[in-house]
Amino acid sequence: MNTRQTRRPGTVLFVTGTGTEVGKTAVTAAVAALAPSVAVLKPGQTGVLPGEPGDAEEVGRLAGPHVTLRELARYPEPLAPETAARRSGLPALTAAEAAAEAASLAADHDLVLVEGAGGLLVRYNPAGETLADMALATAALGLEIQVLLVATAGLGTLNTTTLTAEALRARGLATLGVVIGSWPAAPDLAMRCNLADLPTAAGAPLLGALPHGAPDAPSFSALAESALAPALGGLWDAAKFAADHA
């Protein structure tokens, strides 16, 4: 009799942001650094030429060699994936392709991180498919999925966080939590108040705050542990952090 047990697929965590340049790659790397069995998938990379390091390679540099890295499509111009694909003449990426790759990675890893491009509803193809559609397609394959929202710290973040969270809920996608992608050394009043208000805006707990310049830290793994909450493998305490910045 064959006693070999079938491995249960890992969780797929979609990392999206309230916009571009909010710290998604650094947050993805921080989560990956603390996970022992992890793969990172970048479905669509834009603004990077062939042979140049993209976001997936940056995650590997920061998180360490234990991370499995995948990139499905690359377009040279720094534009939305659909626009970049159209202008380059290269094939656009579909939600089904991203979901299939996420499922393949989940078969061999406890956690798969899927980092989006820009915000949640950035289009990847002429059909208008987005990272949200990739998450739904992955769930349709029977995998456990979660969504992690990366937000900015300052004025305006409550609106963009609320809009993104509402878009997720409208599609039946729950937000695991929100992480501030870059927390400055000298936060202003709005930033300090947002520590209390972001969970309300997101409808989910605040699960971390990466300090500004995190990718340049001498020990990124140690920084990740101190900047992420236990739900993401770290030691960060939201209540203490808010009290320290009251």
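Just so it is clear, the model here is predicted, and its values are computed rather than measured.

Enquirer: Explain the nonpolar core to me, using residue names and the numbers behind them.
Expert: Val31, Leu113 and Leu210 are the most contacted members of the largest nonpolar core, which has 47 residues in total. Here this core takes seven residues from helix α1 (residues 24-33), the largest share from any one element. Residues in contact with Val31, not counting those within four places in the same chain, are Leu13, Leu111, Leu113, Leu148, Leu228 and Leu232. Val12, Ala73, Tyr124 and Met134 belong to the second-largest nonpolar core, a separate cluster that totals 28 residues.

Enquirer: Could you give an account of the sheet that holds strand β2 (residues 38-46), with specific residues and numbers?
Expert: Pairing within the open sheet is parallel, and its seven strands lie in the order β3-β2-β4-β1-β5-β6-β7. Sheet topology places β3 (68-75) and β7 (206-211) at the edges, where each strand pairs with a single neighbour. Neighbour to neighbour, the strand axes of the sheet diverge by 20° on average, direction disregarded. Here strand β5 (residues 145-151) runs beside strand β6 (residues 175-183); their pairing, made up of five bridges, is parallel. Bridge assignment links Val150 to a residue of β6, and that residue is Val179. On top of the sheet, α1 reaches β1 (11-17), β2, β4 (111-119), β5, β6 and β7; it is set at about 175° to β4, its chief contact. Sheet strands touched by helix α3 (residues 81-88): β2, β3 and β4. Its angle to β3, the strand with the most contacts, is close to 60°.

Enquirer: Got a sec to walk through empty space enclosed by the protein? Specific residues and values, please.
Expert: Taken as a whole and judged by the stated rule, the model has one cavity of 30 Å³ or more. Approximately 30 Å³ is the volume found for the largest cavity. Forming the boundary of the largest cavity are Phe14, Thr16, Leu120, Leu131, Ala132, Ala135, Val147, Leu168 and Leu173. At the level of elements, β1 and α5 (131-140) are the ones that each hand at least two residues to the lining of the largest cavity. The biggest single contributor to the lining of the largest cavity is α5, with three residues. Split by residue class, the lining of the largest cavity holds eight nonpolar, one polar and no charged.

Enquirer: Describe the packing of helix α6 (residues 157-170) against helix α7 (residues 189-202), and please don't skip the residues or the numbers.
Expert: Their axes nearest at 8 Å, the elements α6 and α7 cross at an angle of 25°. Between α6 and α7, the crossing angle belongs to the class labelled roughly parallel. For the pair α6 and α7, the sense of crossing is right-handed. When α6 is examined against α7, the residues Thr157, Leu158, Thr161, Thr162, Ala165 and Arg169 are found in contact with a partner set consisting of Asn194, Asp197, Leu198, Ala201 and Ala202. Of the residues in the contact of α6 with α7, the class split is five nonpolar, four polar and two charged.

Enquirer: Please give an account of the environment of Gly156 that cites residues and values.
Expert: Within the secondary structure layout, Gly156 lies in the loop between β5 and α6. A relative accessible area of 45% means that Gly156 is categorised as partly exposed.

Conventions and cut-offs
Residues numbered from 1 in each chain as written. Predicted model: local features only at pLDDT ≥ 70, side-chain atom pairs only at ≥ 80, totals over all residues. Heavy atoms only, no water. Core = buried A, V, L, I, M, F, W, Y, C linked by side-chain atoms within 4.5 Å. Buried < 20%, exposed > 50% of the residue type's maximum accessible area, 1.4 Å probe, protein only. Helix = DSSP H or I, 4+ residues; strand = E, 2+ residues; numbered from the N terminus. Contact = heavy atoms within 4.5 Å. Pairing = 2+ DSSP bridges. Axes fitted to C-alpha atoms, helices over the stretch in contact; angles between N-to-C directions. 1 Å grid on protein atoms, 1.4 Å probe; cavity = no way out; pocket = protein on both sides within 12 Å on 5 of 7 lines; lining within 4 Å. Points joined across faces, edges and corners; volume = space filled by probe spheres on them. Nonpolar A, V, L, I, M, F, W, Y, C, P; charged D, E, K, R; others polar. Parallel < 35°, antiparallel > 145°, perpendicular 65-115°, else oblique. Left-handed = near helix turned anticlockwise from the far one by under 90°.

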